[in-house]
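Chain and residue survey
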Amino acid sequence: MLALADPIIGELEKQAVLEVLDSKWLTMGEKVKIFEQDFAQLHQVPQAIAVNSCTAGLHIGLAALGIGPGDEVLVPSLTFVATSNAVLYVGATPVFIDIEGLTTPHIALSEAQKHCTPKTKAVIIMHYGGYVMDIPAWRQFADINGLYLIEDVAHAPGAPGVGRWSDLAAFSFFSNKNMTTAEGGMVTARDEAVCQRLRALRTHGMTTTTLDRHKGHAYSYDVTCLGFNYRLDELRAALGIVQLRQLPAWNQRRQELALHYRTLLAQQCPALTIPFTADTPTVGHLMPILLPKEVDRLRVMDGLRAAQIQSSIHYPPAHQFSAYKTQYAAISLPLTEQFSAMELSLPLHPGMTQADVQTVVEALARIINYV
Ligand SMILES: *Cc1c(COP(=O)(O)O)cnc(C)c1O
């Protein structure tokens, strides 16, 4: 089966995990610190805070910025549901924003502007598929409207500029992302005070860590806020250190494969629409295509499956899920809904070859009857 995503786990990862097991220091130790430093360095930010998921990072990120009940946060609906769930965790209200268009499935600035109210406190942008949003334009939008700019960077670790100009950015290392620690995440923030709050919120609101106390830097601790246990363990951090070193090369490989897809799809499946353009900056997290309206997507997915090719849909709109649709019954996001109804994600991961891409495109062309 040609999988949609496939983590690369080599000898270095295995050694790194075994070393941690042998050391018996299993959580919040030197590996977490090194992982945070390496991650911050790659993204050219002063510091990074490791957490056990991107969802946890978004949650404490919103909390650290002081967002809570009565506040509104602009969010995409075309995203993984964790983006808007995190807003609900802090008691704030997600306000769903439609995308720019079928070929640019990022939330539209003009729509975001229309939905700003005196209650709006922040906007969360999500770099769909690894395609980097226009960060300077969103920074300007946030500044003009007095909002925090938050990035959901689950699809785009290592992409140029991510995390550098936002107030807060949350990354994911879930097993199908561009790099993985099985489960895990990272948060960056540009304000030192926010970083301090994030560190406290990650670990029960405590003022010192086990490692500080072990090293004799502290003997006790205070609890300064209602925190959580969102810590990353040493095993995962050790995995992360090794994966991070390979991330730039993997991202490069993903871009090359995505470009190859673009070329072959244009030749062999001319009726398909491919979102974004060949020169949109991307780290190739997803390979999304839009099927023509008359093509039955489930039939295509079945056909691909029969050809041993996995495919998926990114995403069902968040505002239409059962848990959301009662509260959001009145809203309509026509472009998001249209995109979501036509979208299909093809396999894309750095372990693939150009021949694999050709296999997928040929199967697709056959199923849609182009050949
Ligand atoms: C995967 C993903 C998340 C959640 O990441 P976790 O680390 O699994 O919590 C959030 N947002 C987007 C867009 C994602 O793709």
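Report on the accompanying structure. One numbering rule holds for all chains: residues counted from 1, following each sequence as written. A pLDDT threshold of at least 70 governs which residues receive local features in this predicted model, and a stricter bar of 80 or more applies before side-chain atom pairs are shown or counted, although totals over entire chains, interfaces and linings include all residues. Each side-chain value is worked out from all heavy atoms of the structure, with water and hydrogens disregarded.

Each α-helix winds once per 3.6 residues, and so residues spaced three or four apart point in a common direction. With nine of eleven residues buried, helix H3 (residues 54-64) is to be regarded as a mostly interior element. Using a 1.4 Å probe on the protein chains alone, a residue whose accessible area is under 20% of its type maximum counts as buried, one over 50% counts as exposed, and one in between counts as partly exposed. Helix and strand definitions follow DSSP, with helices as H or I runs of at least four residues and strands as E runs of at least two, each counted in order from the N terminus. Those residues of H3 lying buried are Cys-54, Ala-56, Gly-57, Leu-58, His-59, Ile-60, Gly-61, Leu-62 and Ala-64. A 3.5 Å cut-off defines polar contacts: any pair of N or O atoms within that distance qualifies, except that in protein one atom must be a possible hydrogen donor and the other a possible acceptor, and neighbouring residues in sequence count only when both atoms are side-chain atoms. A distance of 3.3 Å separates the backbone nitrogen of Thr-55 from a side-chain oxygen at the start of H3, and that oxygen is part of Ser-53.

Here the term patch refers to residues with relative accessible area over 30% and no salt bridge, with like charges joined within 9 Å and nonpolar side chains (Val, Leu, Ile, Met, Phe, Trp, Tyr) within 5 Å. Accessible surface is estimated by sampling points in the Shrake-Rupley manner with a 1.4 Å probe; for residues, cover comes only from the protein chains shown. Any Lys or Arg side-chain nitrogen found within 4 Å of a carboxyl oxygen on Asp or Glu counts as a salt bridge. Side chains of Leu-18, Leu-21 and Leu-26 sit close together on the surface and give an oily, nonpolar patch of about 270 Å² of accessible area. Note on placement: Leu-26 falls in the loop between helix H1 (11-23) and helix H2 (30-42).

What follows deals with the site of the ligand. One heavy atom within 4 Å of a molecule or strand is enough for the residue carrying it to be called near that molecule or strand. Taken together, 16 residues lie around the ligand, and Cys-54, Thr-55, Asp-152, Ser-172 and Lys-177 are the ones closest in. Thr-55 places a polar side-chain atom, nitrogen or oxygen, 2.4 Å from an oxygen atom of the ligand. The side chain of Lys-177 places a nitrogen or oxygen atom 3.1 Å from an oxygen atom of the ligand. Protein contact buries 93% of the 390 Å² of open area that the ligand shows by itself. Cavities and pockets were defined on a 1 Å grid built from protein atoms only: a cavity is a group of points that admits a 1.4 Å probe but offers it no way out, a pocket is an open group of points flanked by protein on both sides within 12 Å along at least five of seven lines, and a lining residue is one with an atom within 4 Å of any such point. To be counted as sitting in a cavity or pocket, a molecule needs more than half of its atoms within 2 Å of that site's grid points. Under a 2 Å grid-point criterion requiring more than half of the atoms, the pocket assigned to the ligand is the largest pocket.

In the structure shown here, the tally under the stated rule is twelve salt bridges. Note that Arg-139 and Asp-167 form a salt bridge whose closest N and O atoms lie 3.2 Å from each other. With Arg-139 in helix H6 (residues 135-145) and Asp-167 in the loop between strand S7 (148-152) and strand S8 (168-172), this residue pair connects regions lying 28 residues apart in the sequence. By relative accessible area, which is 10% here, Arg-139 ends up buried. With a relative accessible area of 11%, Asp-167 lands in the buried category. Two residues, Arg-236 and Asp-233, come together in a salt bridge whose shortest N-O distance is 2.4 Å. Each of Arg-139, Asp-143, Asp-167 and Arg-190 takes part in a single network of salt bridges with overlapping partners.

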